[in-house]
Amino acid sequence: MSSPITPASRAPNAGPNIIRVVAADAEGGPRFASLSYRGDPSAMAAAQDRCRRTCTASDGKLVAVVVALREITGANREAVLALGVAPGQERFVSSVRGALREAAEYPQAKPWYRAVYAGDEPVGFVMLSWNVEPQPPEINGPWFLWKLLIDQRHQGRGYGLEVVRHIAELVHAQGATELLTSYVPAADGPAGFYQRLGFVPTGKLDPQGEVIMRLPLPWTPTAGHPAT
Ligand SMILES: CC(C)(COP(=O)(O)OP(=O)(O)OC[C@H]1O[C@@H](n2cnc3c(N)ncnc32)[C@H](O)[C@@H]1OP(=O)(O)O)[C@@H](O)C(=O)NCCC(=O)NCCS
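Some thoughts on the overall build of the chain
Then comes step 1: When you go through the chain residue by residue, the secondary structure sums to five helices and nine strands.
Then comes step 2: Listing every helix and strand of the chain by position from the N terminus yields β-β-α-β-α-α-β-β-β-α-β-α-β-β.
Then comes step 3: In the chain, of all internal contacts separated by at least 6 residues, the share reaching a separation of at least 24 is 58%.

Following this line, the structure appears as C-alpha cells:
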C-alpha cells in the first residue's frame, strides 16, 4: 500500500489515485459491503481479491466492483472527455470539457478533480473546490462539490453515491465539517439524489438561482444512505 493521500500538501491535481471497492451482485444490483483503499492502481487487484473473498463468504454470487477516483492524464483524457449525461440533463451539469475549462478559468476557486472509474472503465467525473477561502456569493466553501456527473450509460448503479461517500470521507480527513453543493431546481433534477444522501438545504441560493445544500460531516449512516 502506498501512503494515504494528502491532497492539501500537494499540487491540487497531483497525488495518488483513490480506490474504493464496492460489492455488488453479478448484475450490478444491490450493494452489500464496501471497503476503502487509497493507493496506486497496483492496489486494485489486492482490493478486488479481498472484497471477493469477503463477499463470497456470505453470498457466492457476489463479484467486486471497484469505484476509483483517478487523475486525468494524457492517457485517459480523451476517454474522460467523451463521457456525457443523458439528453435533457445538460442543464444540470456542464460537460467534462466545460468543467476543465472552468477549472482553468477560476483557479481562485481551488479546483480539484478526478475521473470516476468502475474497474478499468471511466464512468464519470467529479470536481471540488478544495479548501477554498469562501467569498460568497461567487465562491462557496471551504469544501464545495462543484461538478458531479455519471455518464448516462452508467447511471443508477450506485456510482454517484459512492463518489459522494468517498469525497465526504476524503475531505473529512482533511478537517472538513461539511460538504457544500448546489443544484438546479427542476422536477427531473438531482435534488432527490442529494437528499437521499443526507444533504440538507442551507436556505441560500447562489447568484444563478441554484439551491445550496450542505452535508454534515462525518457522514453517519443515519444521515444518508444506509451503510453497505
Ligand atoms: C445525479 C447523478 C450524479 C446520480 O448518480 P447515479 O450514479 O446515477 O446515482 P446512484 O445510482 O448512485 O443513486 C443513489 C441513490 O440516489 C437515487 N437517485 C439517483 N438520482 C436521483 C434523482 N435524480 N432523483 C432522486 N433520486 C435519485 C437513487 O435511486 C439511489 O437511491 P437508492 O440507493 O435508494 O436506490 C447522475 O445521475 C448524473 O450524473 N446526472 C446528470 C448530471 C447531474 O444532475 N449532476 C448533478 C449536478 S448538481
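Continuing now.
Here we look at the pairing of strand β9 (residues 211–216)
Then comes step 1: Summarising the sheet, strand β7 (residues 178–183) and β9 pair through six bridges and their orientation is antiparallel. Bridge pairing links L180 to R214 in β9.
Then comes step 2: Where strand β8 (residues 200–205) lies against β9, three bridges are found, and the strand directions are antiparallel. From the neighbouring strand, L205 faces β9, where its bridge partner is V211.
Then comes step 3: As consecutive antiparallel partners, β8 and β9 are separated by five residues, and within that stretch G209 has a phi angle of approximately 85°, a positive value.

Quick word on the confidence of the model for the chain
Then comes step 1: Model confidence for the chain is summarised by a mean pLDDT of 79, while 68% of its residues fall at 70 or above.
Then comes step 2: Segment residues 1–16: pLDDT under 50, and 26 contacts once partners within four positions in sequence are set aside and those in other chains are kept.
Then comes step 3: With pLDDT under 50 throughout, residues 29–34 is counted as low confidence; its partners more than four residues away or in other chains account for 21 contacts.

Notes on the nonpolar core
Then comes step 1: Judged by nonpolar contacts, the single largest core of 48 residues is most densely connected at V116, F125, V126, M127, L128, I167 and L179.
Then comes step 2: Setting aside residues up to four positions removed in sequence, V116 forms contacts with V67, L69, V123, G124, F125, V126, Y159 and V163.

Digging into the site of the ligand
Then comes step 1: Around the ligand there are 20 residues in total, and F92, Q155, G160, L161 and G192 lie nearest to it.
Then comes step 2: When its residues are assigned to classes, the shell around the ligand shows eleven nonpolar, seven polar and two charged.

Regarding helix α3 (residues 96–105)
Owing to its 3.6 residues per turn, the α-helix aligns residues three or four sequence positions apart on the same side.
Then comes step 1: Every buried residue of α3 is listed here: V96, A99, L100 and A103. Angular distribution of buried residues about the axis of α3 spans 100°; they occupy a single face of the element. Exposed residues pointing more than 90 degrees away from the buried face of α3 are listed as G98, R101 and E105.
Then comes step 2: Elements that come into contact with the buried residues of α3 comprise α2 (77–81), β4 (111–118), β5 (121–130) and β6 (143–150).

Some remarks on the environment of V211
Then comes step 1: Note that V211 resides in strand β9.
Then comes step 2: Sequence-distant contacts of V211, that is, excluding residues within four places in its chain, are made with S182, Y183, P185, P201 and L205.

Cut-offs applied
Residues numbered from 1 in each chain as written. Predicted model: local features only at pLDDT ≥ 70, side-chain atom pairs only at ≥ 80, totals over all residues. Helix = DSSP H or I, 4+ residues; strand = E, 2+ residues; numbered from the N terminus. Contact = placed C-beta atoms within 7 Å. Pairing = 2+ DSSP bridges. pLDDT = per-residue confidence, 0-100. Core = buried A, V, L, I, M, F, W, Y, C linked by C-beta atoms within 7 Å. Buried ≥ 20, exposed ≤ 12 C-beta atoms within 10 Å, placed from the backbone. Near = placed C-beta within 6 Å. Nonpolar A, V, L, I, M, F, W, Y, C, P; charged D, E, K, R; others polar. Arc of directions from axis to C-beta.

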